[in-house]
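Letter by letter, the chains look like this.
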Amino acid sequence: LADNDYTLTVVATDTAGNESASSSALALTIDTAAPDAPVITTTTALTNDPTPDIAGTAEAGTTVTLFNGSTSLGTAIADGNGDFSITSSQLPDNSYTLTVKATDALGNESAASNELAITIDATAPSTPSISTTTSLTNSNTPIIEGTAEAGSTVNLYNETQSATYVVTVDSK
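J.: So what exactly am I meant to see when it comes to the pairing of strand S7 (residues 71-77) here?
T.: Each regular strand shows side chains that alternate between the opposite faces of the sheet. Across six bridges, the pairing between strand S6 (residues 63-68) and S7 is antiparallel. Its bridge partner lying in S7, asparagine 68 is registered against threonine 71. In this antiparallel pair of consecutive strands, S6 and S7, the connection spans two residues, and glycine 69 shows a positive phi of 65°.

Following this line, the structure appears as structure tokens:
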């Protein structure tokens, strides 16, 4: 039978040709078509959240599963508008390529969605250090030197006056 809704009944006929009454009707839906591939709408590429929320759209009512490769990270049901949001299971610091697939009520599974490349960095940088050894200067704009994680932002606090100075660390 082709994909469609059907109402089926049965009738028995004996060897003499006598027919029984029709059975109760059975409503049957045949659906062999997979849902369209869902779409990830999250655009975050770097996060410090080890359980990021991944959002997107899929066929309404389908079960949407979030994957890293073939590993399932969580599921959600697409609402009446087709929107879904899945909170990932705990991910350690690393880079990931995430996809989602939609499965309808009959078990038909879609192709994988577009890929989302995301990096989890939930580890704080190591403590920066000040290498300047001069504690007395005649300059009102002293140069303070030190080291910190490349690419991090360092806040220099002046504890005797209310001031904060922000710099970005270059890599060497």
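J.: Help me out: how do you make sense of the sheet that holds strand S3 (residues 39-40) in this one?
T.: Through backbone hydrogen bonds, the strands of a sheet pair up, either in parallel or in antiparallel fashion. Taken in spatial order, the three strands line up as S3-S5-S8 in an open sheet, and their pairing is antiparallel. Edge positions in the sheet fall to S3 and strand S8 (83-87), since each has one partner strand and no second.

J.: Whenever I open this one, the nonpolar core confuses me. Can you help?
T.: Note on soluble globular proteins: their nonpolar side chains tend to be buried together. Grouped together as the largest cluster of nonpolar side chains are 18 residues, with contacts concentrated most on Val64, Leu66, Ile86, Leu98 and Val100. Of all the secondary-structure elements, those providing two or more residues to this core are S6, S7, S8, strand S9 (94-103) and strand S10 (116-120). Per element, the largest residue contribution to this core is four residues, and it comes from S9. Non-local contacts of leucine 66, meaning those with residues more than four positions away in its chain, are made with Ile54, Thr71, Ser72, Leu73, Gly74, Ile86, Ser88, Leu98, Thr99 and Val100.

Thresholds applied
- Residues numbered from 1 in each chain as written.
- Predicted model: local features only at pLDDT ≥ 70, side-chain atom pairs only at ≥ 80, totals over all residues.
- Heavy atoms only, no water.
- Pairing = 2+ DSSP bridges.
- Helix = DSSP H or I, 4+ residues; strand = E, 2+ residues; numbered from the N terminus.
- Core = buried A, V, L, I, M, F, W, Y, C linked by side-chain atoms within 4.5 Å.
- Buried < 20%, exposed > 50% of the residue type's maximum accessible area, 1.4 Å probe, protein only.
- Contact = heavy atoms within 4.5 Å.

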